[in-house]
Amino acid sequence: MISVLIVDDEFEIREGLRKRVPWNEYGINAVMAASDGDEALQMARRHQPNLIVTDIKMNRMSGLEFLAEL
C-alpha cells in the first residue's frame with residue numbers, strides 16, 4: 001500500500017489536495033492530512049508515508065523544520 005501525508009495549515013488547501021487529486025489513479029491507497037508540523041511529525045513517525053506534500057510556511061513549525069526533524 002502506498003500512502004501520502006499532506007501537511008498544510010490552511011484547511012482549504014489541505015482538504016482540496018486530499019479530496020480533488022485522484023490519488024487512486026496514481027496507485028496511492030491512503031491519504032492522510034495534518035494541520036501543522038507537530039501533528040505531521042507524529043503522523044509521519046507512526047504511519048511512515050511513502051510521500052509527503054508539505055507547505056513551507058506554517059505556524060509553530062515550518063515545513064522545512066518538519067522535514068529536518070523527521
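Thresholds applied
- Residues numbered from 1 in each chain as written.
- Predicted model: local features only at pLDDT ≥ 70, side-chain atom pairs only at ≥ 80, totals over all residues.
- Heavy atoms only, no water.
- Core = buried A, V, L, I, M, F, W, Y, C linked by side-chain atoms within 4.5 Å.
- Buried < 20%, exposed > 50% of the residue type's maximum accessible area, 1.4 Å probe, protein only.
- Helix = DSSP H or I, 4+ residues; strand = E, 2+ residues; numbered from the N terminus.
- Contact = heavy atoms within 4.5 Å.
- Salt bridge = Lys/Arg side-chain N within 4 Å of Asp/Glu carboxyl O.

A. Representation of the nonpolar core. Counting residues in each nonpolar core, the largest one holds 11 residues, listed as L5, V7, M32, A34, A40, L41, M43, A44, M58, M61 and F66. Considering every element that reaches this core, the biggest residue donor is helix α2 (residues 37–47), with four residues. With residues near it in sequence (within four places) discarded, L5 still touches M32, A33, A34, A40, M43, A44, P49, L51, I52, V53 and F66.

B. The arrangement of the pattern of salt bridges in detail. Under the defined criterion, the tally for this structure stands at five salt bridges. A salt bridge links D36 to R60; the nearest nitrogen and oxygen atoms lie 2.0 Å apart. With D36 in the loop between β2 (28–34) and α2 and R60 in the loop between β3 (51–54) and α3 (63–69), this residue pair connects regions lying 24 residues apart in the sequence. Taking the relative accessible area as the measure of exposure, D36 reaches 12% and is therefore buried. R60 sits in the exposed class, given a relative accessible area of 63%. Several salt bridges share partner residues, and in doing so they unite R14, E15 and R18 into one network.

C. Molecular detail of the environment of V21. Structurally, V21 is set in the loop between α1 (11–20) and β2. Here the alpha-carbon distance between V21 and N59, two residues 38 residues apart in the chain, equals 25 Å. With residues near it in sequence (within four places) discarded, V21 still touches G16 and Y26.

In short, the description is geometric, and any link to function would need to be established separately.
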